[in-house]
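Okay, here's what each chain looks like letter by letter:
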Amino acid sequence: ALGATPTCQFCFNVQSDRDGPPLARCSRCHTAHYCCADHQRADWPRHKSQCKRMTRQSKMGTPGSRVYPGIFAAWLRVRLIDEGRERQARAKQRIADGEGGRRK
C-alpha cells in the first residue's frame, strides 16, 4: 500500500492508465490526487472535512503526521480510495435497484 499508484479521488482513474501530466495533489493536505481542476472542485464537498482534519492534525503534530508523515499520508490515501470504492459500489447498487445513480 505504501507504493500505491496515485488515483484520482473523483473518477478513480489510475495515473498509469492515463496519458499526459501526472495527477495533481490537493494543495492544502497534499494527500488527495486529481486528474484536473474540475474533478478537484467537484470532489471538494466530500474531501473538505478530510482535508481540514489532515491539516489540523499536521499542525497539532500528531504522531502519525509528525513522526512518520509518508506512512500516514499513504495510509490516508488508501483509506480514501477504499471509501471511494465503497461509494462507487453503493451508486452501482442504487442504479441496479432502479433508484438512479445520484441521491436526490
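Residues numbered from 1 in each chain as written. Predicted model: local features only at pLDDT ≥ 70, side-chain atom pairs only at ≥ 80, totals over all residues. Heavy atoms only, no water.

1. With respect to the pattern of salt bridges
Stated formally: When a carboxyl oxygen of Asp or Glu is within 4 Å of a side-chain nitrogen of Lys or Arg, the pair counts as a salt bridge. We count a stretch as a helix when DSSP gives it H or I for four or more residues in a row; a strand needs E for two or more, and each element gets its number in order from the N terminus. Exposure is judged per residue with a 1.4 Å probe applied to protein chains only, and the accessible area is read against the type maximum: over 50% gives exposed, under 20% gives buried, and values in between give partly exposed.
All chains considered together, the criterion is met by three salt bridges. Residue Asp38 is joined to Arg41 by a salt bridge in which the shortest nitrogen-to-oxygen separation is 2.7 Å. Taken together, the residues span about one helical turn, with Asp38 and Arg41 both in helix 1 (residues 37–60) at a distance of three residues. The shortest N-O distance in the salt bridge between Arg85 and Asp82 comes to 3.9 Å. Of the two residues, Arg85 and Asp82 are both situated in helix 3 (residues 69–96); the distance of three residues between them amounts to about one turn of the helix. The class for Arg85 is exposed, based on a relative accessible area of 53%.

2. What to know about unusual backbone geometry
Although it is not a glycine, Phe12 sits at a positive phi angle of roughly 65 degrees. Mapped onto the fold, Phe12 is located in the segment before strand 1 (24–25). In this model, His30 sits at a positive phi of 65 degrees, which is unusual for a non-glycine residue. Note that His30 resides in the loop between strand 1 and strand 2 (33–34). Under the relative-accessibility criterion, His30 is labelled partly exposed at 44%.

3. So, the nonpolar core
The test is simple: What we call a nonpolar core is a set of buried Ala, Val, Leu, Ile, Met, Phe, Trp, Tyr and Cys residues that are connected through their side-chain atoms within 4.5 Å. In what follows, residue pairs with any heavy atoms lying within 4.5 Å of each other are defined as contacts.
In terms of nonpolar packing, the biggest core is built from 12 residues, these being Cys8, Leu23, Cys26, Cys29, Ala32, Tyr34, Cys35, Cys51, Met54, Phe72, Leu76 and Leu80. Of all elements in the fold, only helix 1 and helix 3 reach the threshold of two or more residues within this core. Looking at this core element by element, the count peaks at three residues for helix 3. Once you skip the residues sitting within four places of it in the chain, Cys8 turns out to touch Asn13, Leu23, His33, Tyr34, Cys35 and His39.

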